[in-house]
Amino acid sequence: MVLLGFCIALLCVGTASGTQAAAPSPKQSLERRVPGAVGDSPEVCAALARAFPDADEFVPRVIALSEAQRAELKGALRSRAAPRLWSYREARRAGVLLGRAVVDDVIGKSLPITYMLLLSPENRVRAVEVLTYRESHGGEVRRDRWRAQFAGADASTALKLGSDIRSIAGATMSCRALTDGVRDLLLIADALHHSESATPAWTAGPAATSAGPLAHEGLQVREQLLMGTLLELRVVTQDRARFDAAADAGFARVAELESLWSTWREDSEISRLNAASVGQWCSLSSATLELVARAKELGGASANGFAMESGAAVELWRRAEQLQRAPSNAEIAAALEASQAGAFQWDFEGGRARRLHGSARIDLGAIGKGAALDALAREFEARELRRALFNFGGQLLAMEGPQDGAGWPVQIRDPRPGATQALWELELRNASLATSADDQRGGAIDGLRFSHIIDPRTGRPAQGSWSCSVLARSATEADALSTACFVLGATADSETLTKRNASRLVLEFDGRILRHNGFPGLAVTP
Ligand code: ADP
Ligand code: MG
């Protein structure tokens with residue numbers, strides 16, 4: 001059954017991507033694939049693009065299972081014998097594994113249901129997509145709500161129909177077939193991929209997490225991959241329909257902002273501005289102009305520790321990491337020159353902007369997720385859903401707590417290698433917590449690690465601290481100011497934070513934890 005996936009994968013002939021990287025070996029160039037390429041089925045392309053919107057390649061892979069692996073799976077699988085081949089695609093962005101996708105078939109009543117299972121690098125279900133449904137009855141398994149039940153499941157989830165997964169009256173056979181199929185794919189993925197490193201350089205990962213299980217009555221949960229990372233919603237309400245309406249509107253709004261601001265998409269407003277000829281005016285949406293105005297203000301307020309004009313320097317180090325070659329001093333000086341605020345001219349009244357330097361690039365990566373969180377909160381506010389916690393790739397935004405008088409218990413991860421415990425815990429309420437750390441996304445050249453955050457004063461990777469967390473009223477502020485704090489370290493003056501009712505927590509390289517402006521919570525001690 002997995003063999004069908006194999007056939008489709010082989011049909012997926014693509015064009016080479018990542019052209020600005022070092023000349024790939026013939027083998028590498030054969031392996032580089034993009035979705036939507038010649039021969040790929042439109043359903044497969046659409047499902048891949050939906051689940052991994054920021055992937056720049058989908059690499060087909062086939063593993064032949066060893067006899068030992070097949071013996072291990074024997075008897076555990078519900079819908080099939082242990083397969084000989086495991087065929088899947090890896091979704092990658094700039095070489096980083098974002099997840100895997102498997103196309104599979106299960107028999108409903110008498111005809112095959114073709115579906116795709118989309119997994120995170122840790123083998124958790126991101127989504128189940130039904131690609132082709134052939135029978136006349138039982139097609140309810142195509143419903144979003146039904147398939148959404150699988151989100152977050154992994155090999156340790158029993159996935160029993162009737163308890164873990166609701167059955168749909170009249171579609172029991174299809175429900176069972178798909179549930180068993182997903183269950184089996186999770187077991188196979190777990191057996192084959194558990195030892196593979198899931199966090200190479202440049203992967204986005206949570207620096208803060210919600211602590212512990214939150215077994216509140218009426219807790220509604222949804223998640224979606226957006227802006228290259230996972231956006232998770234937790235809301236306490238008995239009104240599921242209202243929650244779904246807010247979540248749908250919120251996800252749509254974030255997707256819209258992503259299509260304006262992402263530098264990973266060539267057609268975004270920011271990418272078009274970054275690619276325009278010097279001097280050519282580009283018209284911008286009001287959402288983009290508003291964010292740029294905020295970014296300018298926060299840049300000034302943070303003594304330019306945060307600077308959206310740093311795109312050229314960010315790009316230089318990102319490419320250096322891909323090529324595994326440190327940039328020369330001349331290259332750094334050139335990128336620094338292109339990263340000055342004066343490299344852009346903004347005409348807010350006219351709703352437009354232009355570049356004044358040929359290599360200048362805007363990068364909203366350190367503020368966009370925060371602004372998206374604020375926009376998301378407005379969708380929930382408008383529907384009077386206030387007991388909400390959102391986690392956007394590690395940045396948290398809490399509205400009211402899950403119950404009266406309490407906030408959401410959350411933790412800040414310890415970014416140091418080998419750390420097994422969280423660093424800090426606190427209760428979050430009507431505030432956003434952003435952490436900039438150098439553990440998850442920094443690059444490495446010759447084994448020397450460096451941060452993905454650039455010091456705009458030097459054009460080199462910042463070396464301020466292990467991590468810096470900022471707590472602020474708005475997520476936009478928390479995002480930009482945590483990046484600034486990571487650059488400037490605990491030496492930065494805290495006037496800006498005080499003025500904004502914000503506070504910060506810095507983990508110094510010597511292990512000290514420095515708190516400013518009454519950052520709340522407690523250290524997690526062994
Ligand atoms: P994360 O995205 O992990 O939450 P940040 O919010 O600190 O981390 O944003 C980091 C991103 O912002 C980088 O990947 C880069 O695109 C961009 N960036 C890097 N350094 C700066 C800086 N000094 N000012 C503004 N943006 C930056
Ligand atoms: Mg930030």
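Source: prediction; values computed, not measured.

(A) Broad picture of the nonpolar core. Counting residues in hydrophobic clusters, the biggest one holds 67 residues, and the most contacted among them are L231, L233, W261, F306, W346, F380 and F390. Tallying contributions element by element places helix α13 (residues 475-488) first for this core, with nine residues. Domain assignment of the residues forming this core places at least three in each of domain 2 (208-258 + 373-523) and domain 3 (265-355). Sequence-distant contacts of W346, that is, excluding residues within four places in its chain, are made with L273, L284, V292, K296, M308, R352, A353 and I362. Formed by 37 residues, the second largest nonpolar core is a distinct cluster that contains V125, I168, C175 and L186.

(B) Local environment of the sheet that holds strand β8 (residues 229-236). Strand order in the open sheet formed by eight strands is β7-β8-β12-β13-β16-β21-β22-β23, with antiparallel pairing between adjacent strands. Each having just a single partner strand, β7 (219-226) and β23 (513-516) make up the two edges of the open sheet. In this sheet, adjacent strand axes meet at a mean angle of 10° when their direction is disregarded. Sheet topology places strand β22 (residues 503-507) next to β23; four bridges connect them, and they run antiparallel. Across the sheet, V506 pairs through a bridge with L514, a residue of β23. Along the sheet, helix α7 (residues 240-261) contacts β7, β8 and β12 (388-392); its crossing angle with β7, the most-contacted strand, is approximately 20°.

(C) Region of interest: the packing of aromatic side chains. Under the definition given, this model contains nine aromatic pairs. Summarising the aromatic geometry, the rings of W86 and Y88 are spaced 6.2 Å apart at their centres and angled 35° between planes, so their arrangement reads as tilted. The exposure class assigned to W86 is buried, which follows from its relative accessible area of 1%. Between W146 and F150 the ring centres are 5.3 Å apart and the planes differ by 80°, which places this aromatic pair in the edge-to-face class. Accessibility assignment for this pair places W146 and F150 in one class, buried. Taken together, F243, F380 and F390 form an aromatic cluster joined through their ring pairs. Directly above the aromatic system of W281 lies the positively charged group of R352, at a separation of 3.9 Å from the ring centroid.

(D) Seen up close, the environment of E290. Along the polypeptide, E290 turns up in helix α9 (residues 286-301). Here E290 falls in the exposed class, since its relative accessible area comes to 56%.

(E) The arrangement of the state of the cysteines in detail. Following the criterion strictly, the structure yields one disulfide and no others. Disulfide pairing places C468 opposite C485 at an S-S distance of 1.9 Å. With the S-S dihedral at roughly 100°, the linkage between C468 and C485 falls on the right-handed side. In this pair, C468 is assigned in strand β21 (residues 467-472) and C485 in helix α13, connecting sequence segments 17 residues apart. Take C468 and C485: they sit in the same class, and that class is buried.

(F) Fine view of the packing of α7 against α9. The contact between α7 and α9 brings their axes to 10 Å, and the two run at 75°. Regarding the angle of α7 to α9, the classification is roughly perpendicular. Contact residues: R253, L257, L260 and W261 in α7; A287, T288 and L291 in α9. Residues of the contact of α7 with α9, tallied by class, amount to five nonpolar, one polar and one charged.

(G) Summary view of helix α6 (residues 172-193). With 22 residues, α6 should reach 32 Å at 1.5 Å per residue; the first-to-last C-alpha distance of 31 Å fits that figure. Most of α6 sits out of view: 18 of its 22 residues are buried.

(H) View of the pattern of salt bridges. Under the criterion given, the structure shown has 30 salt bridges. For R265, the salt bridge goes to D54, with nearest N and O atoms at 4.0 Å. Within this pair, whereas R265 is found in the loop between α7 and α8 (269-275), its partner D54 is found in the loop between α3 (42-51) and β1 (57-64), the two being separated by 211 residues in sequence. Since its relative accessible area comes to 24%, R265 is described here as partly exposed. A salt bridge links D239 to R242; the nearest nitrogen and oxygen atoms lie 3.2 Å apart. According to the relative accessible area criterion, D239 is partly exposed, its value standing at 31%. Its relative accessible area of 35% is what places R242 among the partly exposed residues. Residues joined in a network through salt bridges with shared partners are R145, R222, R240, D244 and D248.

(I) Examining the side chain of E508 more closely. Turning to its location among the elements, E508 is positioned in the loop between β22 and β23. Beyond its immediate chain neighbours, meaning those up to four positions away, E508 contacts G464, S465, W466, A490 and L514.

(J) Molecular detail of the packing of helix α10 (residues 311-323) against helix α11 (residues 329-338). Interaxial distance between α10 and α11 falls to 7 Å at its minimum, and their mutual angle equals 150°. In this view, α10 runs roughly antiparallel relative to α11, as classed from their interaxial angle. Residues A312, A313, L316 and W317 of α10 form the contact with α11, whose own contacting residues are E331, I332, A335 and A338. When the residues that make up the contact of α10 with α11 are grouped by side-chain class, the tally is seven nonpolar, no polar and one charged.

(K) Just α7, in detail. Taking 1.5 Å per residue, 22 residues should reach 32 Å; α7 reaches 31 Å between its end C-alpha atoms and fits that length. Along α7, the residues that are buried comprise F243, D244, A246, A247, G250, F251, V254, L257, E258, L260 and W261.

(L) Spotlight on the confidence of the model for the protein chain. In this model, the protein chain carries a mean pLDDT of 84, and residues with pLDDT of at least 70 account for 85%. Overall, residues 1-39 carries pLDDT values under 50, and its contacts beyond four positions in sequence, including any with other chains, amount to 70 contacts. Per-residue pLDDT stays below 50 along residues 195-206; that stretch engages in 33 contacts with residues further than four places along the chain or on separate chains.

(M) Quick peek at the pairing of strand β5 (residues 125-132). When strand β4 (residues 112-119) meets β5, the two strands line up antiparallel, connected through six bridges. From the neighbouring strand, L117 faces β5, where its bridge partner is V128.

Criteria and thresholds
Residues numbered from 1 in each chain as written. Chains lettered and ligands numbered in written order. Predicted model: local features only at pLDDT ≥ 70, side-chain atom pairs only at ≥ 80, totals over all residues. Heavy atoms only, no water. Core = buried A, V, L, I, M, F, W, Y, C linked by side-chain atoms within 4.5 Å. Buried < 20%, exposed > 50% of the residue type's maximum accessible area, 1.4 Å probe, protein only. Helix = DSSP H or I, 4+ residues; strand = E, 2+ residues; numbered from the N terminus. Domains from an automatic or database assignment. Contact = heavy atoms within 4.5 Å. Pairing = 2+ DSSP bridges. Axes fitted to C-alpha atoms, helices over the stretch in contact; angles between N-to-C directions. Phe/Tyr/Trp six-rings, centres within 6.5 Å; stacked < 30°, edge-to-face > 60°. Lys NZ or Arg CZ within 6 Å of the ring centre and 35° of its normal. Disulfide = S-S within 2.5 Å. Parallel < 35°, antiparallel > 145°, perpendicular 65-115°, else oblique. Nonpolar A, V, L, I, M, F, W, Y, C, P; charged D, E, K, R; others polar. Expected span 1.5 Å × (residues − 1). Salt bridge = Lys/Arg side-chain N within 4 Å of Asp/Glu carboxyl O. pLDDT = per-residue confidence, 0-100.

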